Amino acid sequence: MSIDQNTAAKVAKLARIKVEEDALPALASEFNTILGFIEQLGEVDVEGVEPMVSVTPMRLKRRADVVKEGGQQDKVLSNAPDAREGFFAVPKVVE
Amino acid sequence: MSKLNTLRLAEARDALRKGEVTSVELTEACLEAIDAADALNAFVHKTPEIALERARAADARIRAGDAPSMCGLPIGIKDLFCTRGVPSQAASRILDGFRPEYESTVSQQLADAGAVMLGKLNMDEFAMGSSNETSTYGNAVNPWRRGNDDAQLTPGGSSGGSASAVAADLCLAATGTDTGGSIRQPAAFTGITGIKPTYGRCSRWGIVAFASSLDQAGPMTRDVRDAAIMLQAMCGHDPKDSTSADLPVPDFEAMLTGDINGKVIGIPREYRMEGMPEEIEELWAKGTEMLKDAGAKIVDISLPHTKYALPAYYVIAPAEASSNLARYDGVRYGRRARLAQGDGITEMYEKTRAEGFGPEVQRRVMIGTYVLSAGFYDAYYNRARKVRTLIKKDFEDVFADGVDAILTPATPSAAFGLGKMTDADPVQMYLNDVFTVTVNLAGLPGIAVPAGLDKRGLPLGLQLIGRPWEEGDLLNTAYALEQAAGFVEKPVKWW
């Protein structure tokens, strides 16, 4: 499997990382090096093997579906790059 | 008494309790050492006020006869741990200015045990790296040098600042985290001890997530006893982490008898890598002899899927990272890029992440995005998870055959020069974790113990891998190895 510039651009878009046009060839080449390394996995016989879900067999704990720590709006917003009137503020999303 | 900042945790603890020293004195000695060591770039956020306040509180508790296990002991905290009101940015530009409103469970437990936080330690960005060269703070530097050669060496990564600080006596111990070897490789590169416990031993709550199914916190210390003391304080069940194990934590320090008579130690033939330096091979053979002389039974074992551990890791870890790092979007915390007229929310995400993430983080997020994307999910991600099942089974099989612990080299080389790998392709850097990454994939405890010096005077480490949840037994085997190896060398101070 070889990655071309178009695929590299598509992946960058999916990852929401802006990559300039002129950086795409180098990026595609790096992807190919790493994927070439990963390709080795194709040699392994995985017939009938379950994909690992949890490394330690454990049943996830349940807890009551109730608010434990609420009412901390200012703490939640304290690190926001832009917070207004108790909300996170972002550029306009609806035209 | 030797200089206070050079004490081991156990020595300082005992001296504090006998009233021979105060926590304020210990803390001041460390703060002074930290201020004189800016050349190492290990501490990236110093917190002297917090440290002295906690030290005074610890002294009061000791006087009142109410001293918990780490009362008054000054330590450093890796920047990956969220610490209330103190910058916690995972060495990333994207978390510039982030001051959490909460404290990670592990650092809280250490504080509850009386430990004194001196500051935050350098690391690779989001713990992605093996040389501490991807940090937004710049490189951390290894206090060790090759004899009289003044070339700067890497302390390893990702917990490079932690390793450098402990080796250079800036703090008595430090926290690290380990996703593919990030505690054990830097420990080996700097002549200190580092243990990654069984997955689930330490709560991951409040630790900036990289690859959630692999990440574990652990202590980085001067010796095995200190590792036992600090691990004890760090682990235990936490309802805030659903993967944290609800199991009793034994008294690790009490288990250090040094008696390993009759223990079965496996030597995995697949870890004999082509091109491995002779010195590493010799050290491994020497370590095997030491354990044998201490009464252990040595057996050759096979872990047939070892070769596929790194490729599986470089699917699973980036996949999880791409998901975990999706939260850095310039909305809730950290840095937002300056936007141009007319930029919408997508441009905000894309610009923020392009300028906030460094090249290695971008690379891994994109690889993760690719292996999880429609059409490739089965071929890469599911296949890697199946290989992971097989890697874990390799270990289960040898443990079922009666093996108590496995001895391997910790790293394929001694510390290398900073900048040395700049022109290498990313895969060359990934090979640093060849001996450690299997342990994360299988969720096992692993410990790196310094065992000797190479010809150029750099420390080399050996790794012991234990059965799940048997950190106590593993620490005891490491203790026997440590006693036999008798590693006491320290870096010559140049900084």
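Residues numbered from 1 in each chain as written. Chains lettered and ligands numbered in written order. Predicted model: local features only at pLDDT ≥ 70, side-chain atom pairs only at ≥ 80, totals over all residues. Heavy atoms only, no water.

Caption draft 1: Layout of helix 7 (residues 224-234) of chain B. Residues and elements named next belong to chain B. Here helix 7 lies mainly inside the structure; 9 of its 11 residues are buried. Two or three places before Arg225, at the start of helix 7, stands the capping residue Asp223, its side-chain oxygen 3.4 Å from that residue's backbone nitrogen. Looking one or two places after helix 7, you find Gly236, whose phi comes out positive at around 130 degrees. (Buried < 20%, exposed > 50% of the residue type's maximum accessible area, 1.4 Å probe, protein only. Helix = DSSP H or I, 4+ residues; strand = E, 2+ residues; numbered from the N terminus. Polar contact = N/O pair within 3.5 Å; in protein donor to acceptor, adjacent residues only side chain to side chain.)

Caption draft 2: Highlighting the packing of aromatic side chains. Residues and elements named next belong to chain B. Summed over all chains, the structure comprises 17 aromatic pairs over all chains. Residues Tyr271 and Phe435 carry aromatic rings whose centres are separated by 5.7 Å and whose planes lie at 20 degrees to one another, so their mutual orientation is stacked. In this pair, Tyr271 is assigned in the loop between strand 7 (264-268) and helix 8 (278-293) and Phe435 in the loop between helix 13 (426-430) and helix 14 (437-441), connecting sequence segments 164 residues apart. Here the two residues Tyr271 and Phe435 agree in accessibility, since each one is buried. A connected cluster of aromatic rings, assembled from ring pairs, spans Phe98, Phe126, Tyr328, Tyr333 and Phe357. Here Lys240 stacks its cationic end above the ring of Trp205, 3.8 Å away from the centre of that ring. (Phe/Tyr/Trp six-rings, centres within 6.5 Å; stacked < 30°, edge-to-face > 60°. Lys NZ or Arg CZ within 6 Å of the ring centre and 35° of its normal.)

Caption draft 3: Representation of the UniProt feature "domain: Amidase" (unreviewed entry) in chain B within the structure. Here the UniProt-annotated "domain: Amidase" (unreviewed entry) positions come out as residues 25-475 of chain B. Across residues 25-475 of chain B, the secondary structure splits into 35% helix and 14% strand, with the terminal C-alpha atoms separated by 30 Å. (UniProt positions renumbered as here; feature names shortened; annotations may be inferred.)

Caption draft 4: Representation of a positive patch on the surface. Together, Arg63, Lys68 and Lys75 of chain A together with Arg84 and Lys240 of chain B give the surface a local cluster of positive charge. Its location among the elements puts Lys68 of chain A in the loop between helix 2 (24-38) and helix 3 (73-77). (Patch = residues over 30% accessible without salt bridge, like charges linked within 9 Å, V, L, I, M, F, W, Y side chains within 5 Å. Areas by Shrake-Rupley, 256 points an atom, 1.4 Å probe, with all protein chains shown as cover. Salt bridge = Lys/Arg side-chain N within 4 Å of Asp/Glu carboxyl O. Lys, Arg positive; Asp, Glu negative; His and termini not counted. Charge placed at Lys NZ, Arg CZ, Asp CG, Glu CD.)

Caption draft 5: Inspection of the pairing of strand 3 (residues 116-121) of chain B at higher detail. Residue and element names in this part refer to chain B. Across the 6 residues that make up strand 3, a large majority, 6, are buried. Looking at chain direction, strand 1 (residues 43-46) and strand 3 are connected through 3 bridges and run antiparallel. Counted as the bridge partner of Lys46 is Gly119 from strand 3. Here 4 bridges tie strand 2 (residues 74-78) to strand 3, and the two strands are oriented parallel to one another. Within the sheet, the bridge partner assigned to Ile75 lies in strand 3 and is Met117. (Pairing = 2+ DSSP bridges.)

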